[in-house]
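Chain and residue survey
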Amino acid sequence: MNDTTIREALLRKLWRQKSRPRAVLQELHVHSGKAIADIVTLHSEAHCYEIKGATDRIERITAQGVYYNATFRRITLVTTECNLRRARRLAPRFWGIIVAIADGVTVRFRHVRAARLNPNFEKQSAAMTLWKSEMLELVQAAGAERKPRRLLAQLIAETRRELELSKTICDLLISRRFQPQSFASSTM
């Protein structure tokens, strides 16, 4: 079972949950594009889902995980039965694990472990998921528009508590979907 098949089934599952997300993003760049989160659900906070199909190299989660761990307070690996043993060994204990199972023409999901609160969350790294225009909404400093994104992220991290920042980022990512912006004005 490949990434595309799992992704399509997971998206259907996420939208049919009892507590549906307010929005679902695909291919969200984190850490200035050093990693790309496959699916991110937006409830009150963002939840990252990383998909590894049967032919994917599951070992990649160790490198990707560094960026996900810094950016998201909840992370879940979605993989196949053939990768489960390695997934349990490689995924941090606070990551959730879901196994995708082919059942004829449909895909079922079995929850192996629930995602727990990530102890490695970094406010500054999380703020880097925002566009500069979004960061400027959060920074009330004179001349902020001339500051680089990394410095804006640092200022945001210094002035917000972890949960507050996580919820604010979630709200901004949701509002992004409803405010069309040109590529040029959304500079990463």
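Since this is a predicted model, take the numbers as computed values, not measurements.

**Regarding the pairing of strand β6 (residues 106-113)**
In this sheet, β6 lies alongside strand β5 (residues 96-103) in antiparallel orientation, the contact comprising 7 bridges. Each residue of the ladder has a partner; that of V99, found in β6, is R110. Where β5 folds back onto β6 in an antiparallel hairpin, the turn is made up of 2 residues, including G104, whose phi is positive at roughly 70°.

**Considering the confidence of the model for the protein chain**
The predicted model of the protein chain averages 90 in pLDDT, with 93% of residues at 70 or higher. The weakest mean pLDDT in the protein chain belongs to helix α7 (residues 162-178) at 90; the strongest belongs to strand β4 (residues 74-80) at 97. Predicted confidence for residues 180-188 stays below pLDDT 50, and this span has 11 contacts to residues more than four positions away or in other chains.

**Observations concerning the pairing of strand β1 (residues 23-30)**
Bridge count between β1 and strand β2 (residues 35-42): 7 bridges; the pairing is antiparallel. Among the inter-strand pairings, Q26 is bridged to a residue of β2, identified as I39. As consecutive antiparallel partners, β1 and β2 are separated by 4 residues, and within that stretch H31 has a phi angle of approximately 55°, a positive value.

**What about helix α6 (residues 149-159)?**
Along α6, the residues classified as buried are R149, L152, A153, I156 and A157. In an axial view of α6, the angular spread of the buried residues amounts to 135°, which keeps them on one side of the axis. Within α6, the exposed residues directed more than 90 degrees away from the buried face are E158 and T159.

**A short note on the sheet that holds β6**
Read from one edge to the other, the open sheet built from 6 strands follows the order β1-β2-β3-β4-β5-β6, with strand pairing classed as mixed. With partners counted over all chains shown, the strands left at the sheet margins are β1 and β6, one partner each. Each strand of the sheet is rotated relative to its neighbour by a mean of 30°, with strand direction disregarded.

**Thoughts on helix α1 (residues 3-16)**
Here α1 is 14 residues long and its end C-alpha atoms lie 20 Å apart, about the 20 Å a rise of 1.5 Å per residue gives. Within α1 the residues assigned to the buried category are D3, I6, R7, A9, L10, L11 and L14. On its buried side, α1 packs onto β1, β2, β3 (46-52), β4, β5 and β6. N-capping of α1 is provided by N2, with a side-chain oxygen placed 3.3 Å from the backbone N of T4.

**Side note on the environment of A9**
Locating A9 in the fold gives a position in helix α1. You can call A9 buried: its relative accessible area is 4%. In the structure, A9 is positioned 99 residues away from R108 in sequence and 8.1 Å away in space, judged by C-alpha atoms. Beyond its immediate stretch of four places on either side in the chain, A9 contacts V107 and F109.

**Topic: unusual backbone geometry**
Note: most residues except glycine have negative phi, and most peptide bonds are trans. Positive phi, close to 55°, is recorded for H31, a residue that is not glycine. Phi at S32 takes a positive value of approximately 55°, unusual for a residue other than glycine. Assignment of secondary structure puts S32 in the loop between β1 and β2.

**Considerations on the packing of aromatic side chains**
Summed over the entire model, instances satisfying the criterion amount to 2 aromatic pairs. Measuring from ring centre to ring centre gives 6.4 Å for Y68 and F72, while their planes differ by 55°; the resulting arrangement is tilted. Judged by relative accessible area, F72 falls into the buried class, the value being 3%. The interplanar angle of 45° and the centroid separation of 6.4 Å between the aromatic rings of Y68 and W95 together place this pair among those described as tilted.

The rules behind the values
Counting of residues starts from 1 at the beginning of each chain's written sequence and follows it residue by residue. Reporting in this predicted model follows two pLDDT cut-offs: at least 70 for local features of residues, and 80 or more for side-chain atom pairs to be given and counted; totals over whole chains, interfaces and linings ignore these cut-offs and use all residues. No hydrogens and no water enter the side-chain calculation; it runs on all heavy atoms of the structure. Two strands pair under a simple rule: DSSP has to find at least two bridges between them. Helical segments are the DSSP runs of H or I of at least four residues, strand segments are the runs of E of at least two, and each set is numbered from the N terminus. Values of pLDDT, which run from 0 to 100, indicate the predictor's confidence residue by residue. Note on contacts: a residue pair is in contact if any heavy atoms of the two residues lie within 4.5 Å. Three exposure classes are used, based on accessible area relative to the maximum for each residue type with a 1.4 Å probe and protein chains only: buried under 20%, partly exposed in between, and exposed over 50%. Our arc is simply the arc of the directions from the helix axis toward the C-beta atoms. For helices, the fitted axis covers only the stretch in contact; all axes are lines through C-alpha atoms, and the angles between them, taken along N-to-C directions, range from 0 to 180 degrees. Multiplying 1.5 Å by the residue count of a helix minus one yields the expected span of that helix. Two N or O atoms form a polar contact when they lie within 3.5 Å of each other; inside protein one atom must be a possible hydrogen donor and the other a possible acceptor, and for residues adjacent in sequence the pair counts only when both atoms belong to side chains. Note on aromatic pairs: the rings of Phe, Tyr and Trp (six-membered ring only in Trp) are paired at centre separations within 6.5 Å, and the planes decide the class, stacked below 30 degrees, edge-to-face beyond 60, tilted for the rest.

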